[in-house]
Amino acid sequence: PNIALFYDFYSFNNEFYLLSELIEPGNLKEFIKTKKEIQIIDLMIMGYDISKGMEYLHSRNLPILHRDLRLANLLIKNEILLSNDENYRNYIVKI
């Protein structure tokens, strides 16, 4: 549901660490900086991905609030999707 997978957490010297899936090429802020041109339809699909992730968080029995939703905290994953349609995408945004 457009949520980065969380595997475990641990603490060391009063610092906390989260272990989650590796999502490449990285965050949405850097992705947008490196692209020369992004089509409007791609931006709309990215917005939809973000809304699906937020909908999932907010629909839990005890809703989860993100509290820091910004481009640097949105991860973009390179997905190879096979499709007969020309209008397929090969990136998915996760929160």
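Reference entry: report on the structure contained in this document. (Residues numbered from 1 in each chain as written. Predicted model: local features only at pLDDT ≥ 70, side-chain atom pairs only at ≥ 80, totals over all residues. Heavy atoms only, no water.)

1. Quick look at the sheet that holds strand S3 (residues 25-27)
Pairing is antiparallel in the open sheet, where three strands are placed in the order S3-S4-S5. Since the sheet does not close on itself, it has two edges, and those belong to S3 and strand S5 (91-94), each with one partner. Put simply, the sheet's adjacent strands are angled 25° from each other on average, direction ignored. In this fold helix H2 (residues 40-58) packs onto strand S4 (75-78) and S5, with an angle of close to 35° to the strand it touches most, S5. (Pairing = 2+ DSSP bridges. Helix = DSSP H or I, 4+ residues; strand = E, 2+ residues; numbered from the N terminus. Axes fitted to C-alpha atoms, helices over the stretch in contact; angles between N-to-C directions. Contact = heavy atoms within 4.5 Å.)

2. Some thoughts on the pattern of salt bridges
Counted according to the given criterion, the structure contains five salt bridges. Notably, a salt bridge pairs Lys33 with Glu30, separated by 3.6 Å at the nearest N-O pair. Note that Lys33 and Glu30 are positioned in helix H1 (residues 28-34) at a spacing of three residues, about one turn of the helix. A residue is classified by how much of its surface remains accessible, and Lys33, at 56% relative accessible area, is exposed. Given a relative accessible area of 39%, Glu30 falls into the partly exposed group. We note a salt bridge from Asp68 to Arg70, for which the minimum N-O separation is 3.0 Å. Arg70 sits in the partly exposed class, given a relative accessible area of 45%. (Salt bridge = Lys/Arg side-chain N within 4 Å of Asp/Glu carboxyl O. Buried < 20%, exposed > 50% of the residue type's maximum accessible area, 1.4 Å probe, protein only.)

3. Quick look at the environment of Leu22
In this structure, Leu22 sits in the loop between strand S2 (15-20) and S3. For the pair formed by Leu22 and Ala4, sequence separation is 18 residues and the distance between their alpha carbons is 8.7 Å.

4. A few points about a nonpolar patch on the surface
There is a patch of nonpolar side chains on the surface, built from Ile32, Ile40, Ile41, Leu43, Met44 and Leu71 and spanning about 550 Å² of accessible area. It is H2 that contributes the most residues to the nonpolar patch, four residues altogether. Inspection of the secondary structure assignment puts Leu43 in helix H2. Residue classification places Leu43 among the partly exposed positions, given a relative accessible area of 38%. (Patch = residues over 30% accessible without salt bridge, like charges linked within 9 Å, V, L, I, M, F, W, Y side chains within 5 Å. Areas by Shrake-Rupley, 256 points an atom, 1.4 Å probe, with all protein chains shown as cover.)

5. Describing the layout of surface pockets
Looking at the largest pocket, its volume works out to about 220 Å³. Looking at the largest pocket, it is lined by eleven residues, and the ones nearest its centre are Phe31, Ile38, Asp42, Met46 and Tyr91. With three residues, H2 is the single largest residue contributor to the lining of the largest pocket. Considering only residue class, the lining of the largest pocket consists of five nonpolar, two polar and four charged. Counted as a void, the second largest pocket has a volume near 180 Å³. Taken together, Ile3, Ala4, Leu5, Phe6, Leu18, Ser20 and Leu75 make up the lining of the second largest pocket. (1 Å grid on protein atoms, 1.4 Å probe; cavity = no way out; pocket = protein on both sides within 12 Å on 5 of 7 lines; lining within 4 Å. Points joined across faces, edges and corners; volume = space filled by probe spheres on them. Nonpolar A, V, L, I, M, F, W, Y, C, P; charged D, E, K, R; others polar.)

So yeah, pure geometry; function would need other evidence.
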